Amino acid sequence: MKPTPIFCKTDYQFLRELISKSKNSTNSKEIGQLAQELDRAIISPENELDHSVVRINSHVTIEDVKANKQMKIQIVLPSFADLKQARISILAPLSVAIIGFKENDQVDWELPAGIKTLKIVAVSND
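The structure displayed is predicted, hence computed values, not measured ones. (Residues numbered from 1 in each chain as written. Predicted model: local features only at pLDDT ≥ 70, side-chain atom pairs only at ≥ 80, totals over all residues. Heavy atoms only, no water.)

**Thoughts on helix α2 (residues 28-39)**
When the terminal C-alpha atoms of α2 are compared, their 16 Å separation across twelve residues agrees well with the 16 Å that a helix rising 1.5 Å per residue should span. Listing the buried residues of α2 in full gives Glu30, Ile31, Leu34, Ala35, Glu37 and Leu38. For α2, the arc enclosing every buried residue in end-on projection is 160 degrees, short of the 170-degree limit, so these residues lie on one face. Every exposed residue of α2 that faces more than 90 degrees away from the buried side is listed here: Gln36 and Asp39. (Helix = DSSP H or I, 4+ residues; strand = E, 2+ residues; numbered from the N terminus. Expected span 1.5 Å × (residues − 1). Buried < 20%, exposed > 50% of the residue type's maximum accessible area, 1.4 Å probe, protein only. Arc of directions from axis to C-beta.)

In C-alpha cells:
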C-alpha cells in the first residue's frame, strides 16, 4: 500500500497554483498525478513537518530497489531544472513519484517500460 504524502501548507498551496497554471502543458499526465497526490495528502504546519519529508528544493537519495542502484537528485521548480546538475523539475515523473514522502518510504514509479519501485534513502532540506 502506498504511503500517504505529507506537505507543508506553503508547498501544498504553491503546487496547487502550479497545477492550475499548467493545465495545457505537455506533461498533463504528471500534473494529473500530482493533483491526485495533493487530493489525498496530509497538510502539516511548516514548523511541524518531519525533516525527512521530500519537499520542493529537497536533496534526495533514492534507490531503485530491483537494480540496487542509488541516485541523488534535487527537486526544483521547472525553471531551475538542470539534468546535468541532477536538478529535477517538480513536474517530472520522478519528482511527482516521491514528493511528499519521507525517508524509508517505498513508492512505485511508472515508466514506459513498466513500474519501478523506489526507496527514499535520505532527504536533506537545508
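Moving on from the coordinates now.
**Section: the side chain of Ser52**
Counting through the fold element by element, Ser52 comes out in the loop between β2 (42-44) and β3 (59-64). Note on Ser52: relative accessible area 13%, which makes it buried. Residues in contact with Ser52, not counting those within four places in the same chain, are Phe101, Lys102, Glu103 and Val123. (Contact = heavy atoms within 4.5 Å.)

**So, the pattern of salt bridges**
Pairing is possible between side chains of opposite charge, provided their charged atoms come close. By the definition in use, this model includes six salt bridges. Measuring nitrogen to oxygen at the nearest pair gives 2.5 Å for the salt bridge that ties Asp39 to Arg16. Placement of the pair is Asp39 in helix α2 and Arg16 in helix α1 (residues 9-21), with a sequence separation of 23 residues. By relative accessible area, which is 26% here, Arg16 ends up partly exposed. Of the charged contacts in the structure, one is a salt bridge between Arg40 and Glu37, with a shortest N-O distance of 3.1 Å. Judged by its relative accessible area of 32%, Arg40 is partly exposed. Salt bridges here are not isolated pairs; linked through shared partners, they connect Asp11, Glu46 and Arg55. (Salt bridge = Lys/Arg side-chain N within 4 Å of Asp/Glu carboxyl O.)

**So, the nonpolar core**
Grouped together as the largest cluster of nonpolar side chains are 30 residues, with contacts concentrated most on Leu15, Leu34, Val60, Ile62, Ile73, Ile98 and Ile120. When residues of this core are traced back to their parent elements, those giving at least two are α1, α2, β3, β4 (69-76), α3 (93-98), β6 (106-111) and β7 (114-124). Once residues lying within four places of it in the same chain are set aside, the contact partners of Ile120 are Val54, Val60, Thr61, Ile62, Ile98, Phe101, Lys102, Glu103, Asn104 and Asp105. (Core = buried A, V, L, I, M, F, W, Y, C linked by side-chain atoms within 4.5 Å.)

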